[in-house]
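So the chains spell out like this:
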Amino acid sequence: MSGSTLPTTTCPAPMTRASLIALRNAGGLSKDCDYVITDHVQGRLVAGTTIHLQAVDASTLSENVSVKTTYDNIAWSGIYDIDAGLVSYLHDNRNNTVLGVTPVRDFDWGNPAISYCSILGGLVTYTYGNTASIQYLYVGGGVLELTGYAGVIRKLRITGEAVASLAGSRLKFSHCDFSGNSTVNFSNTTSTNTVVGLAVSGRSTVNFSLSTLSISIDGMSVRYSTLLASNVSTGSFTASGLMLDNGFITLSSGVGNVVAIRTSIRDNASFDRFNWFSDVSRKWKLQQTLC
């Protein structure tokens, strides 16, 4: 009709979560509006964070939201339950993805040292603001303790019920995989260590606790096994290409220099006091056993 005008939608100003719930319950939502919650606080999603929602119909809001934080000027993709008042999934502009209410709450959002990390239902304890680089970390249901960590972590994968404790350590990780029911404890290891390609699976335990051991592991796989270096006060351990399957290796106190390169230990093998390498006759016996 000539001279007619289309109806316009008046969208409300940003509001509290309680106000938006009341508007939804009254059937007053419009699909043309962006609804902004201004009072969201959830751990590292501190005051000043806003949640941006869209309506599906007059009484329904989508759980897919944009989350504007105080850390930068880019809104992140998230999943938000307005009735619970909690973000349960968040993906930021550094390609970090976190799933779970508690992991979202505790993740060190806005830290430029953290990128390409996936925390999917797992728990990570981390010193907020730590400048040490963490890249491509994957925690799926496991627990990772990074308190005191001061090294480099790249492509570390922790799955299932795995528990890794790196308290007090200075470590460099690359291409590691802790899975199943594994427990990995590098607690209080004070040397700068390099761990590359280490895979721990099944119900394995790796323990370098209370150690100043200089450790360099390249391509080592530990399956259904235990590798211990607890209470070691000095020495070095190098394992390159070593595969330990259904066996036990104990690196006793004061282990000394140990080298195991391209070695395979299988089928419930058990070795104690790895400093046998210092004895020529025992060295021959150990090598024969490994062949």
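All of these numbers come straight from a predicted model, not from anything done at the bench. (Residues numbered from 1 in each chain as written. Predicted model: local features only at pLDDT ≥ 70, side-chain atom pairs only at ≥ 80, totals over all residues. Heavy atoms only, no water.)

### Some thoughts on the overall build of the protein
Thinking step 1. Counting secondary structure elements, the protein contains three helices and 31 strands.
Thinking step 2. The contacts of the protein with a sequence gap of at least 6 include a subset with a gap of at least 24, amounting to 12%.
Thinking step 3. Total accessible area on the protein stands at roughly 13,700 Å², and carbon and sulfur atoms take up 51% of it. (Helix = DSSP H or I, 4+ residues; strand = E, 2+ residues; numbered from the N terminus. Contact = heavy atoms within 4.5 Å. Areas by Shrake-Rupley, 256 points an atom, 1.4 Å probe, with all protein chains shown as cover.)

### Overview of the packing of aromatic side chains
Thinking step 1. This model, assessed by the stated rule, comprises four aromatic pairs.
Thinking step 2. Ring geometry for Trp76 against Trp109: centres 5.4 Å apart, planes inclined by 40°, an arrangement best described as tilted. Of the two residues, Trp76 sits in strand E5 (residues 76-81) while Trp109 sits in the loop between helix H2 (101-106) and strand E8 (114-115), which places them 33 residues apart along the sequence. Neither residue differs from the other here; Trp76 and Trp109 are each classed as buried.
Thinking step 3. One aromatic cluster is present, built from ring pairs that chain together Tyr71, Trp76, Phe107 and Trp109. (Phe/Tyr/Trp six-rings, centres within 6.5 Å; stacked < 30°, edge-to-face > 60°. Buried < 20%, exposed > 50% of the residue type's maximum accessible area, 1.4 Å probe, protein only.)

### A look at the confidence of the model for the protein
Thinking step 1. Mean pLDDT over the protein stands at 76; residues scoring 70 or higher make up 58%.
Thinking step 2. Segment residues 271-291 is flagged for pLDDT under 50; beyond a separation of four residues in sequence, or across chains, it makes 31 contacts in the model. (pLDDT = per-residue confidence, 0-100.)

### What about the environment of Asp108?
Thinking step 1. For Asp108, the location among the structural elements is in the loop between H2 and E8.
Thinking step 2. When sequence neighbours within four positions are dropped, the list of residues in contact with Asp108 reads Arg44, Ile114, Tyr126, Thr127, Tyr128, Gly129 and Asn130.
Thinking step 3. Within the local environment of Asp108, its side chain forms a polar contact with the side chain of Arg44, the two groups lying 2.6 Å apart.
Thinking step 4. Here Asn111 takes part through its side chain, which lies 2.7 Å from a polar atom of the side chain of Asp108. (Polar contact = N/O pair within 3.5 Å; in protein donor to acceptor, adjacent residues only side chain to side chain.)

### Section: the pattern of salt bridges
Thinking step 1. The full count for this structure, using the stated rule, is three salt bridges.
Thinking step 2. Note that Arg105 is salt-bridged to Asp106, the shortest N-O span being 2.8 Å. (Salt bridge = Lys/Arg side-chain N within 4 Å of Asp/Glu carboxyl O.)

### Some words on the side chain of Arg24
Thinking step 1. Relative to the assigned elements, Arg24 resides in helix H1 (residues 17-25).
Thinking step 2. The class of Arg24 is buried, set by a relative accessible area of 14%.
Thinking step 3. Separated by 3.1 Å, the side chains of Arg24 and Asn25 make a polar contact.
Thinking step 4. Non-local contacts of Arg24, meaning those with residues more than four positions away in its chain, are made with Leu29, Ala58, Ser59, Thr60, Leu61, Ile82 and Asp83.

### Considerations on unusual backbone geometry
The phi angle of most residues is negative, glycine excepted, and most peptide bonds adopt the trans form.
Thinking step 1. In this model, Asn95 sits at a positive phi of 65°, which is unusual for a non-glycine residue.
Thinking step 2. Take Asn95: it is sitting in the loop between strand E6 (86-91) and strand E7 (97-99).
Thinking step 3. Of the residues examined, Asn95 reaches a relative accessible area of 35% and is grouped as partly exposed.
Thinking step 4. With a phi close to 60°, Tyr136 is a non-glycine residue in the positive phi region.
Thinking step 5. Relative to the helices and strands, Tyr136 is located in the loop between strand E11 (134-135) and strand E12 (138-140).
Thinking step 6. What makes Tyr136 partly exposed here is its relative accessible area of 38%.

### Some thoughts on a nonpolar patch on the surface
Thinking step 1. On the surface, a cluster of nonpolar side chains totalling about 200 Å² of accessible area is made up of Leu123, Val143 and Val163.
Thinking step 2. Looking at the secondary structure, you find Val143 in strand E13 (residues 143-145). (Patch = residues over 30% accessible without salt bridge, like charges linked within 9 Å, V, L, I, M, F, W, Y side chains within 5 Å.)

### Concerning the state of the cysteines
Thinking step 1. Overall, the coordinates contain one disulfide when judged by the stated rule.
Thinking step 2. Between the sulfur atoms of Cys11 and its disulfide mate Cys33 the distance is 2.1 Å. Where Cys11 bonds to Cys33 through sulfur, the torsion about that S-S bond is close to -90°, and the disulfide is left-handed. Taken together, the residues Cys11 in the segment before H1 and Cys33 in the loop between H1 and strand E1 (34-42) connect sequence positions 22 residues apart.
Thinking step 3. Note on Cys33: relative accessible area 1%, which makes it buried. (Disulfide = S-S within 2.5 Å.)

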